Every structure is written in structure tokens, then in C-alpha cells.
Amino acid sequence: MPDRSSPIHREDVLSPQELAGAPLGRASDYPDHYAPSLLYTVPRTPQREALGIAEGALPFTGVDLWTAYELTWLGPGGRPQIALASFEVPVDSPSIVESKSMKLYLGSFAQTAFAGLTDVAATIERDLSAVSGARVAVMLRGPSAFGTQAIRELPGENIDDLDVACDAYEVDPTFLASAGEIVTETLTSRLFRSVCPVTGQPDIATVQIAYRGPRIVRDGLLRYLVSYRRHAGFHEHCVERIFVDVAGRCGCHALTVLARFTRRGGIDINPFRTNAGVVPPDNVRTARQ
């Protein structure tokens, strides 16, 4: 059940009609035979309109980087096969895939026979591209590549040890400010927490902000990020809100925001937004993921 004690910003929550068919927050069966119909999408437009982002005029480029750790299917002879799956959903896709429906969809591969890794990857790419409205890049890594999977923290200067009191847990962009010389720097925080707008479950992330512009006041930035602590919003929308708030209030000449969220249901989602012309980072998980 949703946490009714948590204040929810209504402008950030989709209407009941828009989420009427979503499996999130509902008891579900877990089919184990291939079922692409399980995929449920959520339109990006309403969430972006709440931020003042006009359709067709995105202030950023980017992708949503997904990693699925529990993918399994049947190979020749009925022997189970496993892989780590990575998906790149482009920022200009009309829709995102609701995360629980992704879990159910991937779970439906369990008792389905495929010819091999390439066949599975092509099937997932076709299905995700069809429902999201844009080409989704899919990469599968089999067990022989598991040993190459790295764990590292996001680069940048961490601001979590600043001696600052935090007493606001509803998003407050007025904390953000900048002043002084033009700098190029990267700041990180591991203290980010928001909540699922449907179930109230916590979403935990490390946030990285790389920018060029007047120096951002760090105390205010930390208080701003902490103020999401009881905010109800999807991962992608939280990152886009951070981008819009920081860009607008701090006068950044160039800005990149990346958040790596801890996994839920065997899947992590890592939105990346930039106007700096940089490419998405390697999809390397942090220690908490």
C-alpha cells in the first residue's frame, strides 16, 4: 500500500486512468512462458509538462540505462541459460516501460526455449522498441563475461560530509544557488532517496552532477537533493526535475545529471540527462547496486 504519511506532489503523479492497467502496486501472477503483452508503458509527456518542458523541445539528450540481473530462459535440450541484460532507452522515446511490468515480462522467458543469446537479445530489443516508440539498444552478457563486470563509485567530489542541517523533505529548489567564478566540476551524493508514486517504496540512488558555470553553493545543493526524501516520483522524472531545477537556478552553461538507483525486483534504472554533448557513461554499477 502507498505510504499515506508521505506528502505527494500531485503534479508529479499520473492520473489513476493513466495507471489503471499497470501491475505496479497490485498482486500479480508470474507467468513463465514468453508474454510480451505484459509490458505496460507510461507516457513521458505529462511528467515533462509539469516541469515546463514542451513536447518536441527537450532541454537535454540522454538515455535511461537499465540492468536486469535475473534473466533466464531455456536453451537447446531444455537446459536453463542465464545472462545479464542491459537496455538503453532513448530520452526521446514517447513512453517508458513501467518497472514491474518489465520484471514480469523478463520473468516470462523462464520456461521458453530460444536458440541462443542472439535470439533472446533480438526478441527483447524488438518488444521494448515497439512499446516505447523508439529503438531500444539491448546487450546480453553470458556467464563467460560475468568476471569482467566492474563495481565502482561515480567519479566526482562527494558532498555528503558537509556540515549542514537538513530539515526539509519535500522538494525545495529554492535551496539551489550559485555565485562567483565560472568553474567546471563534478559533484556527487549518495544520500538521495525518493519514493515510488504508486507503492510508496523507497528508491535509493547515487546522484552525479557535472557542470560548467558559476560555482554551485554546495550546502544548498545537498539540502536540495535531500529534500526529495519523501517525494513521490519515477526515477526518470526525478532526474529530469533535478536537471531543470539546477540548470535554471544555478545558471549552468553545461550540465549533466546521472542517477544510479539501487535495484528493485532484480532491475536497476539509471537515468542520464545532459546538454553538454557528452555520451552516456559505461553502465558500471556502484557498490550498493
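What counts and how
- Residues numbered from 1 in each chain as written.
- Predicted model: local features only at pLDDT ≥ 70, side-chain atom pairs only at ≥ 80, totals over all residues.
- Heavy atoms only, no water.
- pLDDT = per-residue confidence, 0-100.
- Contact = heavy atoms within 4.5 Å.
- Pairing = 2+ DSSP bridges.
- Helix = DSSP H or I, 4+ residues; strand = E, 2+ residues; numbered from the N terminus.
- Axes fitted to C-alpha atoms, helices over the stretch in contact; angles between N-to-C directions.
- Buried < 20%, exposed > 50% of the residue type's maximum accessible area, 1.4 Å probe, protein only.
- Polar contact = N/O pair within 3.5 Å; in protein donor to acceptor, adjacent residues only side chain to side chain.
- Core = buried A, V, L, I, M, F, W, Y, C linked by side-chain atoms within 4.5 Å.

Trainee: Hey, could you run me through the confidence of the model for the protein in this one?
Mentor: As a general rule, the predicted coordinates of low-pLDDT regions are not to be interpreted in detail. The share of residues in the protein with pLDDT of 70 or more is 90%, and the mean pLDDT across the chain is 92. Here residues 1–17 scores under 50 on pLDDT; set against residues more than four positions off or in separate chains, the count is 30 contacts.

Trainee: What is the right way to look at the sheet that holds strand 7 (residues 178–195) in this model?
Mentor: Each strand in a sheet pairs with its neighbour through backbone hydrogen bonds, running either in the same direction (parallel) or in the opposite one (antiparallel). With mixed pairing, eight strands are arranged side by side in an open sheet as 5-3-2-10-9-8-7-6. Single-partner strands in this sheet number two, and they are strand 5 (137–141) and strand 6 (157–158). Relative to strand 3 (residues 80–90), strand 2 (residues 61–74) runs antiparallel, the two sharing ten bridges. Its bridge partner lying in strand 3, Trp73 is registered against Gln81. Against the sheet, helix 5 (residues 235–250) makes contact with strand 2, strand 7, strand 8 (202–216), strand 9 (254–261) and strand 10 (267–274), and its axis sits at roughly 25 degrees relative to strand 10, the strand it touches most.

Trainee: Sorry if this is basic, but what is going on with the side chain of Arg44 here?
Mentor: Locating Arg44 in the fold gives a position in the loop between strand 1 (41–43) and helix 1 (45–49). Arg44 gets classed as buried once you look at its relative accessible area, which sits at 5%. Within polar-contact distance, the side chain of Arg44 engages the side chain of Asp64 at 2.9 Å.

Trainee: Teacher, can you tell me more about the pairing of strand 3 here?
Mentor: Two faces make up the sheet, and in a regular strand the side chains alternate between them. Here strand 2 hands over to strand 3 after five residues, with Gly77 in that stretch at a positive phi of 80 degrees. Taken together, the five bridges between strand 3 and strand 5 define a ladder with antiparallel strand orientation. By the bridge assignment, Phe87 is partnered in strand 5 with Val138.

Trainee: Can you walk me through the nonpolar core in this structure?
Mentor: Burial of nonpolar side chains together is a common tendency in soluble globular proteins. If you look at the biggest cluster of nonpolar residues, it comprises 34 residues, and the most contacted ones within it are Phe192, Ile209, Leu221, Tyr224, Ile242 and Val246. Ranked by residue count, the leading element in this core is helix 5, at six residues. Excluding residues within four positions of it along the chain, Ile209 makes contact with Glu185, Thr186, Leu187, Leu221, Ile242, Val246, Leu255, Thr256 and Val257. Formed by 24 residues, the second largest nonpolar core is a distinct cluster that contains Ala68, Met102, Val120 and Ile269.

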